[in-house]
Amino acid sequence: MKLKKSHFRFSHQQRNGIFLLSFLIIVVQSLYFYFDGFEYNRSIDVYTDMEVQQQIDSLKAIAKLKASPKIYPFNPNFITDFKGYTLGMTTEEIDRLLNYRSGGKWINSAGQFQQVTGVSDSLLERIKPYFKFPDFIRNNRLNKPRFPASSKPRTFKQKVDLNKATAEQLRMVNGIGKVLSERIIKYRNSFPGGFIADVQLKDIYGLTPEVIGRVQEVFTVKTPRPVERLNLNTATVEQLVTVQHID
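Calculation rules
Residues numbered from 1 in each chain as written. Predicted model: local features only at pLDDT ≥ 70, side-chain atom pairs only at ≥ 80, totals over all residues. Heavy atoms only, no water. Helix = DSSP H or I, 4+ residues; strand = E, 2+ residues; numbered from the N terminus. Buried < 20%, exposed > 50% of the residue type's maximum accessible area, 1.4 Å probe, protein only. Contact = heavy atoms within 4.5 Å. Areas by Shrake-Rupley, 256 points an atom, 1.4 Å probe, with all protein chains shown as cover. Core = buried A, V, L, I, M, F, W, Y, C linked by side-chain atoms within 4.5 Å. Patch = residues over 30% accessible without salt bridge, like charges linked within 9 Å, V, L, I, M, F, W, Y side chains within 5 Å. Salt bridge = Lys/Arg side-chain N within 4 Å of Asp/Glu carboxyl O. Expected span 1.5 Å × (residues − 1). Arc of directions from axis to C-beta. Axes fitted to C-alpha atoms, helices over the stretch in contact; angles between N-to-C directions. Parallel < 35°, antiparallel > 145°, perpendicular 65-115°, else oblique. Nonpolar A, V, L, I, M, F, W, Y, C, P; charged D, E, K, R; others polar. Phe/Tyr/Trp six-rings, centres within 6.5 Å; stacked < 30°, edge-to-face > 60°. Lys NZ or Arg CZ within 6 Å of the ring centre and 35° of its normal.

**Q** Please provide a residue-by-residue account of the overall build of the protein chain, values included.
**A** Helix and strand counts for the protein chain come out as 10 helices and two strands. Counting from the amino terminus, helix and strand elements in the protein chain follow one another as α-α-α-α-α-α-β-α-α-α-β-α. Looking at the protein chain as a whole, 24% of its 247 residues are labelled buried. Pairs at least 24 residues apart make up 59% of the contacts formed inside the protein chain by residues separated by at least 6 positions. Carbon and sulfur atoms make up 59% of the accessible area of the protein chain, which totals about 18800 Å².

Here you go:
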């Protein structure tokens, strides 16, 4: 009797083929899952890198802010090349300021500073809170009485006697505040009879040549204190030391 041949019996070559096919299927499936997971992880890494970069940028900004020089109150009339550079001024702006100051002129306000230097509005807004002008300039901004302006120089008769002027009258001069006016009066009263001449204003601490010039436009010594004249050829040392500025 002849037995039927089973369909599930394979030859050696057929078994090798089935094994190779199964192996290829497993390899293809593994590669699919591997690359699919790689792309997913890669997208996560991109987002992670962006967050890290943002943190790094924030730390750099904080470090830059800390490294920037701190600005302290200063008088803009005395800005040096280095100071101007740290403030953000250009070389041309610094040169304009130095050339203006070299002529003996002074800056008395933030607006005048911009007019002289030509700095931008943004830079002026950033640095003007740190401007510190002398007391007499700040006092001059107050609404205090002034001597009327004159187109012609005042005559000797029109001027006020410096030996009789009050502190209130002196404060009417641009550049003279409470401190300087009282200092002038105190110095004048230290001599019996007051001043001899206008030149003695140069001996008062704090009076700049510009302010002295403005004082002399309105005031002058009309009643000089009497002085004893000495014969320089016969004067003794004891007599000479009584003269101011001679020791």
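**Q** Which residues make up the nonpolar core, and what values do they have?
**A** Formed by 21 residues in total, the largest nonpolar core has its most connected members in I176, L201 and L207. Counting residues per element, the ones that place at least two in this core are α7 (167-170), α8 (178-189) and α9 (209-218). In this structure, I79, L87, M89 and V119 belong to the second largest nonpolar core, which totals 16 residues.

**Q** Please set out a nonpolar patch on the surface residue by residue, giving values where relevant.
**A** Together, L20, F23, L24, V27 and L31 line one region of the surface with nonpolar side chains, adding up to about 450 Å² of accessible area. Note on placement: F23 falls in helix α1 (residues 12-67).

**Q** Talk me through α8; I want residue IDs and the actual numbers.
**A** End to end, α8 covers 17 Å across 12 residues, agreeing with the expected 16 Å (1.5 Å per residue, within 8%). The complete set of buried residues in α8 reads L180, S181, I184, I185, Y187 and R188. One side of α8 holds all its buried residues, which, seen down the axis, span an arc of 165 degrees. Residues of α8 that are exposed and angled more than 90 degrees away from the buried face: K178, V179, K186 and N189.

**Q** Talk me through the packing of helix α3 (residues 91-102) against helix α4 (residues 110-117); I want residue IDs and the actual numbers.
**A** In the contact formed by α3 and α4, the axes pass within 8 Å of each other and the chain directions differ by 110 degrees. The orientation of α3 relative to α4 falls into the category roughly perpendicular. Taking contact as the criterion, the partners of E93, R96, L97 and Y100 in α3 are, on α4, Q112, F113, V116 and T117. Residue composition of the contact of α3 with α4, grouped by class: four nonpolar, two polar and two charged.

**Q** If you had to explain the environment of R214 to someone new, which residues and values would you point to?
**A** Mapping R214 onto the fold places it in helix α9. Taking the C-alpha atoms as reference points, R214 and N174, separated by 40 residues in sequence, lie 7.2 Å from one another. When residues no more than four places from it in sequence are discounted, the contact partners of R214 are V173, N174 and G175.

**Q** Describe the packing of aromatic side chains, naming the residues involved and giving the relevant values.
**A** Taken as a whole, this structure holds five aromatic pairs when the rule is applied. Judged by centre distance (5.7 Å) and plane angle (75 degrees), the rings of F78 and W106 are edge-to-face. Taken together, the positions of F78 in the loop between α1 and α2 (81-87) and W106 in the loop between α3 and α4 put the pair 28 residues apart, joining distant regions of the chain. Residue classification places W106 among the partly exposed positions, given a relative accessible area of 30%. Three or more aromatic residues joined by ring pairs make a cluster, and in this case those are F74, F113 and F131. In this arrangement the basic side chain of K83 is found over the ring face of F74, its NZ or CZ atom lying 4.6 Å from the centre.

**Q** Describe the pattern of salt bridges, naming the residues involved and giving the relevant values.
**A** This model, assessed by the stated rule, comprises three salt bridges. The partner of E125 in a salt bridge is K128, and the shortest N-O contact between them spans 3.2 Å. We note a salt bridge from R171 to E168, for which the minimum N-O separation is 3.6 Å.

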